[in-house]
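Summary of the model geometry
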Amino acid sequence: MITIKTPAEIALMRESGKLTRDVLNLIGGSIRAGMTTKELDKIAHDFIRENGAYPSFLGYGGYPASTCISINETVVHGIPSDDIIVRDGDIVSVDVGTILDGWQGDAARTFIVGETTEEKKKLVKVTEECFFKAFACLKDGTPLGDVGYNVQSHAEANGFSVVRALVGHGIGKEMHEDPSVPNYGRKGTGIRLKAGMVIAIEPMINAGVYQVDFMPDGWGVKTRDRRPSAHYENTVAITENGAEILTL
Ligand code: CO
């Protein structure tokens, strides 16, 4: 069931979204080669709690941390660890969700640490652009297939591939609501978005093949060819004439 949010509810989601954004900005300003992903997770966790919110990932389906931190060939759902050290040249995707006054925000960024390769730089840039290509088509009445089409066509035009095994989602009082929001699709197909729907659009773009492997820890997802992957996500509210990014 897809829920339609009232303007007052979207105002509350805006607050949660801003906090989610602030967490990512804090991590972006803190991340350095030599830090562990666990240290970064603690920074996020403490900041969320200090701001009167709860980290939505913590305990979700048994997930053991407040963020997902996924380096290089890890696509998403990397569990922060004392044993994983951020290194110069890494691309580090940080995904975080907050619950503030009962409303969810969910967003991710991929940070470049130090100097990296041209391929990784392009991958990070194109992944962000994929989100904005999708965002540009959003308004009351947009077929959901257009979102996936816009992400996929931009990624593939740049020689990259789109992960199929994981998708974006509706969001509200729950982190994962209907509809599913694939990063692939055909123009003009699928349900039509309506003003008041709120969705998380989250392109996961691989430098090589689109296939992924699920790790034995039950969470981590890596590219099958172990080439790099990037992730970029925002929570977005559909409005009458367009859409509003709640986590930027
Ligand atoms: Co999400």
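So, here's what we can say about the structure. (Residues numbered from 1 in each chain as written. Predicted model: local features only at pLDDT ≥ 70, side-chain atom pairs only at ≥ 80, totals over all residues. Heavy atoms only, no water.)

**Here we look at the sheet that holds strand β6 (residues 161–162)**
Definition in use: Strands were regarded as paired on the criterion that DSSP finds at least two bridges between them. The helix and strand labels rest on DSSP assignments: H or I over at least four residues marks a helix, E over at least two residues marks a strand, and numbering proceeds from the N terminus.
Taken in spatial order, the 3 strands of this open sheet run β6-β10-β13, and their pairing is antiparallel. The sheet terminates laterally at β6 and β13 (229–231), the two strands that pair on one side only. In the sheet, β6 pairs with strand β10 (residues 204–206) via 2 bridges, with the strands oriented antiparallel. Paired with Ser161 across the strands is Asn206, a residue of β10.

**Some details on the coordination of the cobalt ion**
Ideal values for angles at a metal depend on the geometry: 109.5 degrees with four tetrahedral donors, 90 or 180 degrees with six octahedral donors. Basically, it comes down to this: Metal-coordinating donors are taken as N, O and S atoms lying within 2.8 Å of the metal, or within 3.2 Å when the metal is Na, K or Ca; because water is left out, some sites can appear incomplete. We call a residue buried when its accessible area falls under 20% of the maximum for its residue type, exposed when it is over 50%, and partly exposed in between, using a 1.4 Å probe and counting protein chains only.
Donor atoms from the polypeptide that coordinate the cobalt ion comprise Asp106 (OD), His169 (NE2), Glu202 (OE) and Glu233 (OE), at 2.1 to 2.3 Å from the metal. All donor residues of the cobalt ion come from one chain, and their arrangement in sequence is D-x62-H-x32-E-x30-E. With Asp106 in strand β5 (residues 103–112) and Glu233 in the loop between β13 and β14 (234–238), the pair connects residues that are 127 residues apart, well separated along the chain. Assigned by exposure class, Asp106 and Glu233 land together as buried.

**Things to note about the state of the cysteines**
To be explicit about the condition: Two cysteine sulfur atoms make up a disulfide if the distance between them is within 2.5 Å.
In this structure the tally under the stated criterion is 0 disulfides. A disulfide-free cysteine, Cys130 has its sulfur positioned 12 Å from the sulfur of Cys137, the nearest such atom.

**Details of the packing of helix α3 (residues 118–136) against helix α4 (residues 144–157)**
To keep it simple, the criterion reads: Every axis corresponds to a line fitted to the C-alpha atoms, with the helix fit spanning only the stretch in contact, and the corresponding angles, defined between N-to-C directions, vary from 0 to 180 degrees. Angles are sorted into four bins: roughly parallel if under 35 degrees, roughly antiparallel if over 145, roughly perpendicular if 65 to 115, and oblique for all others. Working rule for handedness: look at the near helix, and if it is turned counterclockwise from the far one by less than a right angle, call the crossing left-handed; if clockwise, right-handed. Residues count as neighbours in contact if any of their non-hydrogen atoms are within 4.5 Å of one another. Each residue receives one of three labels: charged for Asp, Glu, Lys and Arg, nonpolar for Ala, Val, Leu, Ile, Met, Phe, Trp, Tyr, Cys and Pro, and polar for the others, Gly being one of them.
Packing of α3 against α4 leaves a shortest axis separation of 8 Å and a crossing angle of 150°. Accordingly, the angle class assigned to the pair α3 and α4 is roughly antiparallel. Once α3 is placed against α4, the crossing between them reads as right-handed. In this structure, α3 contributes Val126, Glu129, Cys130, Lys133 and Ala134 to the contact, and α4 contributes Val147, Asn150, Val151, His154 and Ala155. Considered class by class, the residues forming the contact of α3 with α4 number 6 nonpolar, 2 polar and 2 charged.

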